[in-house]
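Listed here are the chains, written in short residue letters.
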Amino acid sequence: MSDGTSVAGVSATREVDVRTARHVLAASFLAWMLDACDFFIVLFTLDNVADGFGVPLEDVLWAPTLTLMTRPIGAFLCGRSADRFGRKPTLICTIVVYSLIEVMSAFSPSIGVFLACRALFGVALGGVWGVGTSLVMESVPKSWRGMASGLLQAGYPAGYLLASLMFLLLPVLGWRGLFILGGVAIVSAIYVGLRVPESPEWLARSRTEKPVGLWTVVRGHMALSAFAVAVMTMFNFMSHGSQDLYPKLFLAIERHIPHDHVTMIVVCYNIAAISGGLFFGWLSQRLGRSRTIMLAALLVLPILPLWTLPHSLLWLTVGAVCIQFCIQGAWGVVPAYLSELSPASVRATFPGVAYQLGNLIAASNALIQHHLAGVFGKGLPPALMLVVGGASLTLFLLLMVDARIGLSVRKAVGE
């Protein structure tokens, strides 16, 4: 009788753990998806915002630029807060901040105030990913990490999709109304507060370890830090290189694809991106993180001609779907990969800062591709293939040295 009770108790405990892990994963996915959605709303309404303030479009283009520039600041500040004070309170505060800033953007009286709001939004945008990643990876069972990584990263293209659907309400709500609607993201903070517990790993470390500064870790592990930033730079060149100029400049202007068909292609390749993240995240649990990323990066290379050279709507769609499945598939492994690469004492700070510094470096992508297109004189296809293909190949080569660097770092820090 006592044995049966004991087994039942263990089973109940495991059920609670699994249920809790699901809430953690759902809340972190929701926070990242809604954060990404609020970012993409700006990209969908650039011309509307310009008309609303009576300024040239070039002035409003500073909005996404400032958001990207301030993301590393958010990754550092929010990450340090999460490492010192806990994942849960930091995630709640970050969600509340970006939700309020989104609403403040709607009520901006001038373009200057609007741009200031978008710069502040970048701080919150840069903070959510690292904090959410550390909370998930420290809370879910180890056997879940691959799939959890893919699901968490899928929040970004899911946010893109959500923003595209919200954009359909523009004639009814106007651009200011869309920003106000974006503020409902605050409900995810309520969800975190009610259903998500603090990371058990962080609680255990906070009782026995003193906080360690990020610079202390970086100074002691320069090779790891440089490697992580280099890897994330290539990841961001793959992502931005395949998305930034592709819909508007390549499909609409160079290939003369009608607007509704461009929208259809964008929806298709975002669905493929979500699917790719889930598939390769799941695969990484069996094949290993580095090998899975290497596989996805290699698969990008033969797809490049199919992605850029066709003129028919069908083959352009097939190429876009295939390449985003692989690129965002590789991205699906990133949360687990960076979390496991990071020293435990800065697990909320290190991955987010590496990610956002790589993003900052890759922010030059659009300028590079536009310049290369002019140099080659053959439009965007050679530039798109060179940047994305070069980043994919470099990422593959970097991952070949991952095992050696990772082993030396973990041996040095005793992990």
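For clarity, every value in this text was computed on a predicted model and none was experimentally measured.

Basis of the calculations
Residues numbered from 1 in each chain as written. Predicted model: local features only at pLDDT ≥ 70, side-chain atom pairs only at ≥ 80, totals over all residues. Heavy atoms only, no water. Salt bridge = Lys/Arg side-chain N within 4 Å of Asp/Glu carboxyl O. Helix = DSSP H or I, 4+ residues; strand = E, 2+ residues; numbered from the N terminus. Buried < 20%, exposed > 50% of the residue type's maximum accessible area, 1.4 Å probe, protein only. pLDDT = per-residue confidence, 0-100. Contact = heavy atoms within 4.5 Å. Expected span 1.5 Å × (residues − 1). Arc of directions from axis to C-beta. Core = buried A, V, L, I, M, F, W, Y, C linked by side-chain atoms within 4.5 Å. Axes fitted to C-alpha atoms, helices over the stretch in contact; angles between N-to-C directions. Parallel < 35°, antiparallel > 145°, perpendicular 65-115°, else oblique. Left-handed = near helix turned anticlockwise from the far one by under 90°. Nonpolar A, V, L, I, M, F, W, Y, C, P; charged D, E, K, R; others polar.

So, the pattern of salt bridges
Here is step 1: Counting across every chain of the model gives 7 salt bridges.
Here is step 2: The closest approach of N and O atoms between R145 and E340, which form a salt bridge, is 3.8 Å. Highlighted residues: R145 in helix 7 (residues 145-153) and E340 in helix 18 (residues 334-341), separated in sequence by 195 residues.
Here is step 3: Classification of E340 by relative accessible area gives partly exposed; the value is 27%.
Here is step 4: A salt bridge links R289 to E340; its shortest N-O distance comes to 2.8 Å. Of the two residues, R289 is situated in helix 16 (residues 289-308) and E340 in helix 18; the sequence distance between them amounts to 51 residues.

Some points on the confidence of the model for the protein chain
Low pLDDT means the predicted coordinates in that region are not meant to be read closely.
Here is step 1: Per-residue confidence for the protein chain gives a mean pLDDT of 86, with 90% of residues at or over 70.
Here is step 2: Scored below 50 in pLDDT, residues 1-16 makes 0 contacts in the model with residues more than four places away or belonging to other chains.
Here is step 3: The model gives residues 407-415 a pLDDT under 50, and that stretch makes 11 contacts with residues more than four places away or in other chains.

Considering helix 20 (residues 365-376)
Here is step 1: Taking 1.5 Å per residue, 12 residues should reach 16 Å; helix 20 reaches 16 Å between its end C-alpha atoms and fits that length.
Here is step 2: Taken residue by residue, helix 20 has N365, Q369, L372 and A373 as its buried positions. Down the axis, helix 20 shows its buried residues gathered within 105° of arc, on one side only. Counted as exposed and oriented over 90 degrees from the buried face of helix 20: L367, H370, H371, G374 and V375.
Here is step 3: Against the buried residues of helix 20 lie helix 13 (222-243), helix 19 (350-362) and helix 21 (380-400).
Here is step 4: Immediately beyond the C-terminal end of helix 20, within one or two residues, lies G377, with a positive phi of roughly 70°.

Remarks on the nonpolar core
Taken as a class, soluble globular proteins show a tendency for nonpolar side chains to be buried jointly.
Here is step 1: Ranked by internal contacts, the top residues of the largest apolar core, which has 118 residues, are Y98, F114, M232, F235, Y246, Y337 and L395.
Here is step 2: Counting residues per element, this core draws most heavily on helix 1 (residues 2-44), which supplies 15 residues.
Here is step 3: In contact with F114, other than residues within four places in its own chain, are V49, F53, A63, S105, S108, W175 and F179.

A closer look at the packing of helix 13 against helix 18
Here is step 1: As a packed pair, helix 13 and helix 18 sit with axes 12 Å apart at the nearest point and diverge in direction by 170°. If you check the angle between helix 13 and helix 18, you find them roughly antiparallel. Listed contacts from helix 18 to L224, F227, A228, V231, M232 and F235 of helix 13 are V334, Y337, L338 and L341.

Re the environment of S99
Here is step 1: Locating S99 in the fold gives a position in helix 5 (residues 87-106).
Here is step 2: Residue S99 is classed as buried on the basis of its relative accessible area of 1%.
Here is step 3: Along the chain, S99 and A124 lie 25 residues apart, while their C-alpha atoms are 9.3 Å from each other.
Here is step 4: With residues up to four places along the chain from it excluded, the contact list for S99 reads G183, A185 and I186.

Observations regarding the side chain of S28
Here is step 1: Take S28: it is sitting in helix 1.
Here is step 2: On the basis of relative accessibility, which here comes to 3%, the residue S28 falls in the buried class.
Here is step 3: Beyond its immediate chain neighbours, meaning those up to four positions away, S28 contacts L91, G132, L135, V136 and L152.

Here we look at the packing of helix 13 against helix 20
Here is step 1: Packing of helix 13 against helix 20 leaves a shortest axis separation of 9 Å and a crossing angle of 60°. When the interaxial angle is binned, helix 13 and helix 20 end up oblique. As helix 13 packs across helix 20, the resulting crossing turns out to be right-handed. For the pair helix 13 and helix 20, contact is made by F237, H240 and G241 and by N365, I368 and Q369, respectively.
Here is step 2: Partitioning the contact of helix 13 with helix 20 into residue classes produces 2 nonpolar, 4 polar and no charged.

Thoughts on helix 17 (residues 313-331)
Here is step 1: The first and last C-alpha atoms of helix 17 sit 26 Å apart over 19 residues, in line with the 27 Å expected at 1.5 Å per residue.
Here is step 2: Taken together, the buried positions of helix 17 are L316, T317, G319, A320, I323, Q324, C326, I327, Q328, G329, A330 and W331.

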